Amino acid sequence: MSAAEQTAYLPPQAAADPAPATAVAAAPAANAAAEQEVTDWSPPTLGGNTVRAVDPAQARAEGRSPIIDPGPQSAILTAALGLLLAVAAVLGQFALLVPLIALQGLTAAGWFRLNGMWPARQGIALAFAGALAADAAVLAVEDAYGAGAIVGTLGAWVLLTLVLQLRSQADPDERMYGLMASVASAALAIICTGYLAADTAAVTVGAAAVAVTVFVRALPLPTATSVGVSLAAAAGAGVAVGGLTSVGVGGALLGLVAGVCALTGLRVAAYDYPSKFVHMTAGVALPLAAAAPAVYLIGRVVG
């Protein structure tokens, strides 16, 4: 061990006992290293186009909010994917599969990264396989049994995930954390199949409402105003698109509920200093994924 290493971490000395010259020489180097470490952090922004800014625990200790909204880039992608779902629903279930599978893949990958688990190829593959199995199950049964097919697939995948985690050799805490993340990712990817089981007119209205909600939410407005305007825009989009479909004026309720779900998913994707990768996956997918059950349920009510 060098003299600098021996003296760099000694406690402070009294004034009558000056520190050795080697410690004084080591101090500037240590300070320079600390400054370099600090400058490696990128400052948090509200735009959402950042890498992970700082450790969340340190951010909270410094009084910073752990919330970073995904921002306009994610909003544009979400709006584009929502409009693709809306248009594809008009063309039929098999056309709807294309944007739906993309949504399910983004959901599975984004949830793991949002939880700080990356790479997690096996978990992502398992969740995505569950989503594909749910899609196949819905297509294989009559329309009246679509919800049952989704719930059955979800139950089977929870059991499969549990069995696989029990075989893991990881630490018990890590195993439990991995189990929760895997189950949640699979559940979110599978419930996206609600778009496939729902009435096509409801899918068109709900997906369009989510697209409008997320886009308006990304505009530079005060938070309370932005939320209110977003929900009003969602209801308005529901009325407008509902008038073009069989949903009719019931599209206002469908659009409003889908907008609330979209804002909830957007808020989840913004939590705990997410990275740009999270914004481009979970930030894009979660608003649409969260709205899928509402599109199915409210679509049956207003349809």
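This text goes with the structure placed above it.
Position numbers for residues start from 1 in each chain and track the written sequence from start to end. Per-residue local features are limited, in this predicted model, to residues with pLDDT of at least 70; the limit for side-chain atom pairs, both in listing and counting, is 80 or more; totals at the level of whole chains, interfaces and linings are taken over all residues. Note that water and hydrogens are dropped before the side-chain values are worked out from all heavy atoms of the structure.

> Please provide a residue-by-residue account of the overall build of the chain, values included.
In terms of helices and strands, the chain carries 13 helices and 0 strands. Labels follow the DSSP assignment, with helices taken as runs of H or I lasting at least four residues and strands as runs of E lasting at least two, numbered in each case from the N terminus. The N-to-C order of helical and strand elements in the chain reads α-α-α-α-α-α-α-α-α-α-α-α-α. Burial classes follow relative accessibility: with a 1.4 Å probe on protein chains only, a residue under 20% of its type's maximum area counts as buried, one over 50% as exposed, and anything between as partly exposed. Looking at the chain residue by residue over its 303 residues, the buried ones come to 43%. Summarising the internal contacts of the chain: among those between residues at least 6 apart in sequence, 72% fall at separations of at least 24. Where accessible areas are quoted, they stem from the Shrake-Rupley method and a 1.4 Å probe; at the residue level, only the protein chains shown are allowed to cover. Total accessible area computed for the chain in this model is approximately 14900 Å², and 68% of it derives from carbon and sulfur atoms. What makes two residues a contact is simply this: any of their non-hydrogen atoms within 4.5 Å.

> Give a detailed account of the packing of helix H4 (residues 72-91) against helix H13 (residues 276-302), specifying residues and quantitative values.
Helix-helix packing: each pair is described by the crossing angle between the helix axes and the interaxial distance. One can describe the packing of H4 onto H13 by two numbers: an axis separation of 9 Å at closest approach and a directional angle of 35 degrees. H13 is crossed by H4, and the crossing has right-handed handedness. Contacts between H4 and H13 pair Gln73, Ser74, Leu77, Thr78, Leu81, Gly82 and Leu85 from the former with Lys276, His279, Met280, Gly283, Val284, Pro287 and Leu288 from the latter. By the convention adopted, Pro, Cys, Tyr, Trp, Phe, Met, Ile, Leu, Val and Ala count as nonpolar, Lys, Arg, Asp and Glu as charged, and the other residues, Gly among them, as polar. Broken down by class, the residue content of the contact of H4 with H13 amounts to 7 nonpolar, 6 polar and 1 charged. Fitted lines through C-alpha atoms serve as axes, helices being fitted only where they are in contact, and the angles separating the N-to-C directions of these axes extend from 0 to 180 degrees. Crossings are assigned a handedness: left-handed for a near helix turned anticlockwise from the far helix by less than a right angle, right-handed for a clockwise turn.

> So what's going on with H13? Residues and values would help.
Working rule for helices: expected span equals 1.5 Å times residues minus one. Compared with an ideal rise of 1.5 Å per residue, which puts 27 residues at 39 Å, H13 spans 38 Å between its outermost C-alpha atoms and is within 8% of the ideal. With 19 of 27 residues buried, H13 lies mostly within the body of the structure.

> Hey, could you go over a nonpolar patch on the surface for me, with residue numbers and the actual values?
A cluster of nonpolar residues, Ile76, Phe215, Leu219, Leu221 and Val229, forms a patch on the protein surface that exposes about 420 Å² of accessible area. As for its placement among the helices and strands, Leu219 is situated in the loop between helix H10 (200-217) and helix H11 (223-243). Patch building starts from residues that exceed 30% relative accessible area and form no salt bridge, then joins like charges within 9 Å and nonpolar side chains (Val, Leu, Ile, Met, Phe, Trp, Tyr) within 5 Å. Put simply, a salt bridge is a Lys or Arg side-chain nitrogen that is within 4 Å of an Asp or Glu carboxyl oxygen.

> Provide a residue-level description of the nonpolar core, including the pertinent values.
Taken as a class, soluble globular proteins show a tendency for nonpolar side chains to be buried jointly. Grouped together as the largest cluster of nonpolar side chains are 59 residues, with contacts concentrated most on Leu103 and Tyr195. Excluding anything up to four places from it in sequence, Tyr195 contacts Leu96, Leu100, Leu103, Val203, Leu288, Ala291, Ala292 and Val295. Among the nonpolar cores identified, the runner-up in size contains 7 residues, and Leu114, Ala269, Val278 and Leu286 belong to it. Among the buried residues, those of types Ala, Val, Leu, Ile, Met, Phe, Trp, Tyr and Cys that are joined through side-chain atoms within 4.5 Å form a nonpolar core.

> Pulling in residues and values, what's your account of the packing of helix H6 (residues 121-140) against helix H8 (residues 172-191)?
In the contact formed by H6 and H8, the axes pass within 8 Å of each other and the chain directions differ by 30 degrees. Classed by the angle they form, the pair H6 and H8 counts as roughly parallel. Crossing angle aside, the handedness with which H6 passes H8 is right-handed. Residue-level inspection shows Ala127, Gly130, Ala131 and Ala134 of H6 in contact with H8, the latter providing Ser185, Ala186, Ala189 and Ile190. Taken together, the residues that form the contact of H6 with H8 break down as 6 nonpolar, 2 polar and no charged. These descriptions rest on fixed angle ranges, namely under 35 degrees for roughly parallel, over 145 for roughly antiparallel, 65 to 115 for roughly perpendicular, and the rest for oblique.

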